[in-house]
Amino acid sequence: MNSFNFSKSDFFLISGPCAVEGQQQMEAVLNSENKPSLIRGGIYKMRTKKSSFQGLGNEAISIIKSLKKKYHFNYVTEVTDPRQIEDLLPIVDCFQVGARNMYNYELLKELSLYKKPVILKRGFSSTISEWLGATEYLSDLGENNIYLCERGIRTFENKLRNTLDLGAVIYLKKNHPFKVIVDPSHAMGDSKYVIDASLAALAAGADGLLVEVHPTPSSALSDPEQALDLNMQNELIKKLNRACPLFEKELRV
Ligand code: PEP
Ligand code: MN
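What counts, and at which threshold
Residues numbered from 1 in each chain as written. Chains lettered and ligands numbered in written order. Predicted model: local features only at pLDDT ≥ 70, side-chain atom pairs only at ≥ 80, totals over all residues. Heavy atoms only, no water. 1 Å grid on protein atoms, 1.4 Å probe; cavity = no way out; pocket = protein on both sides within 12 Å on 5 of 7 lines; lining within 4 Å. Points joined across faces, edges and corners; volume = space filled by probe spheres on them. Helix = DSSP H or I, 4+ residues; strand = E, 2+ residues; numbered from the N terminus. Nonpolar A, V, L, I, M, F, W, Y, C, P; charged D, E, K, R; others polar. Polar contact = N/O pair within 3.5 Å; in protein donor to acceptor, adjacent residues only side chain to side chain. Contact = heavy atoms within 4.5 Å. Core = buried A, V, L, I, M, F, W, Y, C linked by side-chain atoms within 4.5 Å. Buried < 20%, exposed > 50% of the residue type's maximum accessible area, 1.4 Å probe, protein only. Near = heavy atom within 4 Å. Areas by Shrake-Rupley, 256 points an atom, 1.4 Å probe, with all protein chains shown as cover. Expected span 1.5 Å × (residues − 1). Donors = N, O, S within 2.8 Å, 3.2 Å for Na, K, Ca; no water.

Colleague: Sorry, what's going on with empty space enclosed by the protein here?
Modeller: Over the atoms a probe the size of a water molecule is rolled, and this reveals where empty space is left. Following the criterion strictly, the structure yields one cavity of 30 Å³ or more and no others. Estimates place the volume of the largest cavity at around 30 Å³. Around the largest cavity, the lining residues are Arg-40, Gly-41, Gly-42, Lys-45, Val-76, Thr-77, Glu-78 and Gln-96. Considering every element that reaches the lining of the largest cavity, the biggest residue donor is strand E3 (residues 74-78), with three residues. Here the lining of the largest cavity is built from residues that sort into one nonpolar, four polar and three charged.

Right, dumping it as structure tokens:
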């Protein structure tokens, strides 16, 4: 098992579905051509509407537990409530704090007590200073265990789901010690823009990506429009493999 740990020259791709929907779906991702080993997949989903799919909860925990016996992968998932931490600890290699919870300082304080890295997503309307302020609640983890994730912010622009703030990535990489990753899926909201946004994130100096991938996007129970299918994931990996050396990076999937 790799540890969730990257060097300065790594460019890492965390991929997987918005939500864990079943064992077969996850195995299709794990068995895909490039055998990704950095896997995302929501267990508890924070949906805008209560009537939307909320994630499989305990059932997803069991699925990931059994997959971890069969495959070697690092698993990233969102924790939405401190009461979930104990259940998630045995399966999670890196916790994710979602945009809706960036300001949930009690959750951040609780996560700082465990020795697991945390991806801290930027709030929808957070300034860079507020985002950096939130990292102080995680400081006991050490700067190497804090990953900032730019996932698009709300602006007056409304053609895309969000506005991908690559300026923030450039600023953070020049001024702060944290690893910075980009989620082009929630930023762009449409799979046809995700590969280009990913390449732009690499050029902006990001350390990695968090990308939604689903074996059959049209049947996804959440965020179907933005998920790459397995062929598109392949194309993304090919393009990143070609582009990484230009930026003195090596791709890790
Ligand atoms: C996610 O990555 O699953 C997610 C819900 O993203 P965000 O918190 O950025 O909306
Ligand atoms: Mn999603």
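Continuing now.
Colleague: Is there a simple way to explain the side chain of Glu-212 in this structure?
Modeller: Counting through the fold element by element, Glu-212 comes out in strand E8 (residues 208-212). A polar atom in the side chain of Glu-212 sits 2.8 Å from the side chain of Gln-226. Not counting residues within four places of it along the chain, the set of residues in contact with Glu-212 comprises Gly-16, Cys-18, Arg-40, Ser-185, His-186, Asp-223, Gln-226, Ala-227 and Leu-228.

Colleague: Sorry, what's going on with the nonpolar core here?
Modeller: Ranked by size, the top nonpolar core spans 65 residues in total, and within it Tyr-75, Leu-88, Leu-111 and Leu-120 carry the most contacts. Here this core takes six residues from helix H8 (residues 191-204), the largest share from any one element. Not counting residues within four places of it along the chain, the set of residues in contact with Leu-120 comprises Val-97, Met-102, Leu-108, Trp-131, Ala-134, Thr-135, Leu-138, Tyr-147, Leu-148 and Cys-149. Core analysis: the next-biggest nonpolar cluster, separate from the first, contains 12 residues, Ile-119, Tyr-147, Cys-149 and Leu-210 among them.

Colleague: What am I meant to see in the site of ligand 1 here?
Modeller: Within the structure, ligand 1 sits among Arg-40, Lys-45, Glu-78, Gln-96, Gly-98, Ala-99, Arg-100, Lys-121, Arg-151, His-186 and Glu-212. In this structure, Ala-99 approaches ligand 1 through a main-chain N or O atom, which is 2.8 Å from an oxygen atom. Coverage of ligand 1 by the protein chains reaches 95% of its 300 Å² of free accessible surface.

Colleague: Sorry if this is basic, but what is going on with the environment of Leu-236 here?
Modeller: Position of Leu-236 relative to the elements: it lies in helix H9 (residues 230-243). Residues Leu-236 and Val-194 lie 42 residues apart in sequence; the distance between their C-alpha atoms is 8.7 Å. In this structure Leu-236 touches Leu-13, Ile-195, Ser-198, Val-211 and Leu-228, once residues within four positions along its chain are discounted.

Colleague: Help me out: how do you make sense of H9 in this one?
Modeller: An α-helical turn contains 3.6 residues, so a residue and the one three or four places further along point in the same direction. In this model, H9 (14 residues) spans 20 Å end to end at C-alpha, consistent with the 20 Å of a helix rising 1.5 Å per residue. Those residues of H9 that fall on the buried side of the exposure criterion are Gln-233, Asn-234, Leu-236, Ile-237, Leu-240 and Ala-243. The N-cap of H9, judged by a side-chain oxygen 3.1 Å from the amide nitrogen of Asn-231 a few residues on, is Asp-229.

Colleague: Which parts of the structure should I look at to understand the coordination of the manganese ion (ligand 2)?
Modeller: When four donors bind a metal tetrahedrally, each ideal donor-metal-donor angle is 109.5 degrees, and when six bind octahedrally, the ideal angles are 90 or 180 degrees. In the first shell of the manganese ion (ligand 2), the protein supplies Cys-18 (SG), His-186 (NE2), Glu-212 (OE) and Asp-223 (OD), at 2.0 to 2.4 Å from the metal. Site description for the manganese ion (ligand 2): donor spacing in sequence, C-x167-H-x25-E-x10-D. Of the two residues, Cys-18 is situated in the loop between strand E1 (10-16) and helix H1 (23-30) and Glu-212 in strand E8; the sequence distance between them amounts to 194 residues. Residue Cys-18 shares its accessibility class with Glu-212, and that shared class is buried.

Remember that the coordinates give geometry; whether it matters functionally is a separate question.
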